[in-house]
Amino acid sequence: DLLAYATLPLVASWLKSQEVAEAWRIVLPTLVAFNLNKTFLAVLNAKQRMILFAIFQGVRFLLVLAILAGLMWFDAPAVWIGAIMGLGEMALFAMMLPFVLPDLRPLPTREARTWMRRHFHFGIRGYLTAIALELNCKITVLVAGVFLTDSEVGVYGMATIDRKSTRLNSSHIPLSRMPSSA
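Residues numbered from 1 in each chain as written. Predicted model: local features only at pLDDT ≥ 70, side-chain atom pairs only at ≥ 80, totals over all residues. Heavy atoms only, no water.

Visitor: Any chance you could explain the environment of arginine 60 here in plain terms?
Guide: Secondary-structure assignment places arginine 60 in helix H4 (residues 50-73). Considering only alpha carbons, one finds arginine 60 and asparagine 37, 23 residues apart in sequence, at a separation of 9.9 Å. Once residues lying within four places of it in the same chain are set aside, the contact partners of arginine 60 are Phe34, Asn37, Leu41, Glu89 and Leu92. A polar contact is formed between the side chain of arginine 60 and the side chain of glutamate 89, at a distance of 2.9 Å. (Helix = DSSP H or I, 4+ residues; strand = E, 2+ residues; numbered from the N terminus. Contact = heavy atoms within 4.5 Å. Polar contact = N/O pair within 3.5 Å; in protein donor to acceptor, adjacent residues only side chain to side chain.)

Below you can see the structure in the form of C-alpha cells.
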C-alpha cells in the first residue's frame, strides 16, 4: 500500500486523470480488509461452518448495496464509489471477527507447523499461475487507461471482472465432495 500511495502522482500524470489517483487513494485500504476477509471466510470454510460462510457472503453483497444507496442518498462525489468495497469489507471484518477469533491461535503447535509447511508447499506451486492470471487482467485495464476515457476504462474493467468471475464460477464441485453444513 505504501508503494501504491507513493506512486499516485506518477499514475495520475501518466493516465492524465486526477480522479483516478483520488479513487486509488480511497480504494487502497480496501486491499487489506478484503484479504483479511478472504482469510476469515477460508477459516469458516475449513471449519465447515457453511451456514456462517453463506451468511457472510450474502452480507458482503448487501453491504455493497447499502453503502451505494447511502452514497447516492447523500449525493457523494463519484470518486467515492471506490469507498463502497472498503467500507463494506471493513464492516464485514468487524462482523466476522467474533466468529473467527476463537479459531485463531497466536503460536502454532508442532502439528500446525507441519500442516503449515505442507500448505505452503502446495500453495507455492499455484502461486505463479495465479499471479499471471491477475496481472493479465490488471495490465489490460491499465493499458486501456492510457488510450480510453475514465468511463470507458470503467466499463472495460467491469467486463474483465465479470469475465473472470464467470470463468471461476463455471467450474463445479460434485455434491459428494461438498462439505456438510453446520
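Visitor: Can you walk me through the packing of aromatic side chains in this structure?
Guide: How two aromatic rings sit relative to each other is given by the distance of their centres and the angle of their planes. Counted according to the given criterion, the structure contains two aromatic pairs. With a centroid separation of 5.2 Å and an interplanar angle of 20°, the aromatic rings of phenylalanine 40 and phenylalanine 93 are classed as stacked. Note that phenylalanine 40 is positioned in helix H3 (residues 18-46) and phenylalanine 93 in helix H5 (residues 83-100), a separation of 53 residues in sequence. Looking at phenylalanine 40, the relative accessible area reads 6%, which means it is buried. Judged by its relative accessible area of 24%, phenylalanine 93 is partly exposed. (Phe/Tyr/Trp six-rings, centres within 6.5 Å; stacked < 30°, edge-to-face > 60°. Buried < 20%, exposed > 50% of the residue type's maximum accessible area, 1.4 Å probe, protein only.)

Visitor: In this structure, what is going on with the nonpolar core? I would like to understand it.
Guide: In summary, soluble globular proteins display a tendency toward joint burial of nonpolar side chains. If you look at the biggest cluster of nonpolar residues, it comprises eleven residues: Phe40, Leu41, Val43, Leu44, Leu52, Phe56, Val59, Leu63, Leu92, Met96 and Val100. Of all the elements in the fold, those that place two or more residues in this core are H3, H4 and H5. (Core = buried A, V, L, I, M, F, W, Y, C linked by side-chain atoms within 4.5 Å.)

Visitor: I tried to follow the packing of H4 against H5 on my own but got confused; where do I start?
Guide: Between two packed helices, the angle of one axis relative to the other and the distance separating the axes together describe the packing. Where H4 contacts H5, the two axes come as close as 9 Å, and the packing angle between them is 145°. H4 and H5 meet at a crossing whose hand is right-handed. Within the contact between the two elements, H4 uses Leu52, Phe56, Val59, Arg60, Leu63, Val64, Ile67, Leu68 and Leu71 and H5 uses Ile84, Met85, Leu87, Gly88, Glu89, Ala91, Leu92, Met95, Met96 and Phe99. Residue composition of the contact of H4 with H5, by class: 16 nonpolar, one polar and two charged. (Axes fitted to C-alpha atoms, helices over the stretch in contact; angles between N-to-C directions. Left-handed = near helix turned anticlockwise from the far one by under 90°. Nonpolar A, V, L, I, M, F, W, Y, C, P; charged D, E, K, R; others polar.)

Visitor: Would you mind showing me how to read the pattern of salt bridges here?
Guide: Side chains that carry opposite charge are capable of pairing whenever their charged atoms lie near each other. Counting across every chain of the model gives three salt bridges. Across the pair aspartate 103 and lysine 47 runs a salt bridge whose closest N-O atoms are separated by 3.8 Å. Here the residue aspartate 103 occupies a position in the loop between H5 and helix H6 (110-147), and lysine 47 occupies one in the loop between H3 and H4, the gap between them amounting to 56 residues. The class for aspartate 103 is partly exposed, based on a relative accessible area of 23%. Salt-bridge contacts for glutamate 89 lead to arginine 60; the nearest nitrogen and oxygen are separated by 2.9 Å. Within this pair, whereas glutamate 89 is found in helix H5, its partner arginine 60 is found in helix H4, the two being separated by 29 residues in sequence. When salt bridges that share partners are traced, they join Lys47, Arg49 and Asp103 into one network. (Salt bridge = Lys/Arg side-chain N within 4 Å of Asp/Glu carboxyl O.)

Visitor: I keep staring at the confidence of the model for the chain and nothing clicks. Help me out?
Guide: A low pLDDT means the predicted coordinates there should not be read in detail. In this model, the chain carries an average pLDDT of 78, and 82% of its residues clear a pLDDT of 70 or more. Here helix H7 (residues 150-169) stands out as the least confident element of the chain, with mean pLDDT 63; H4 is the most confident, with 92. (pLDDT = per-residue confidence, 0-100.)

Visitor: When you look at the packing of helix H2 (residues 8-15) against H3 in this model, what are you seeing that I'm missing?
Guide: Where H2 contacts H3, the axes come no closer than 7 Å and their chain directions differ by 145°. Every pair of crossing elements has a handedness; the one defined by H2 and H3 is right-handed. Here H2 contributes Leu8, Ala12 and Leu15 to the contact with H3, which in turn contributes Gln18, Val20, Ala21, Trp24 and Arg25. Its residues placed into classes, the contact of H2 with H3 shows six nonpolar, one polar and one charged.

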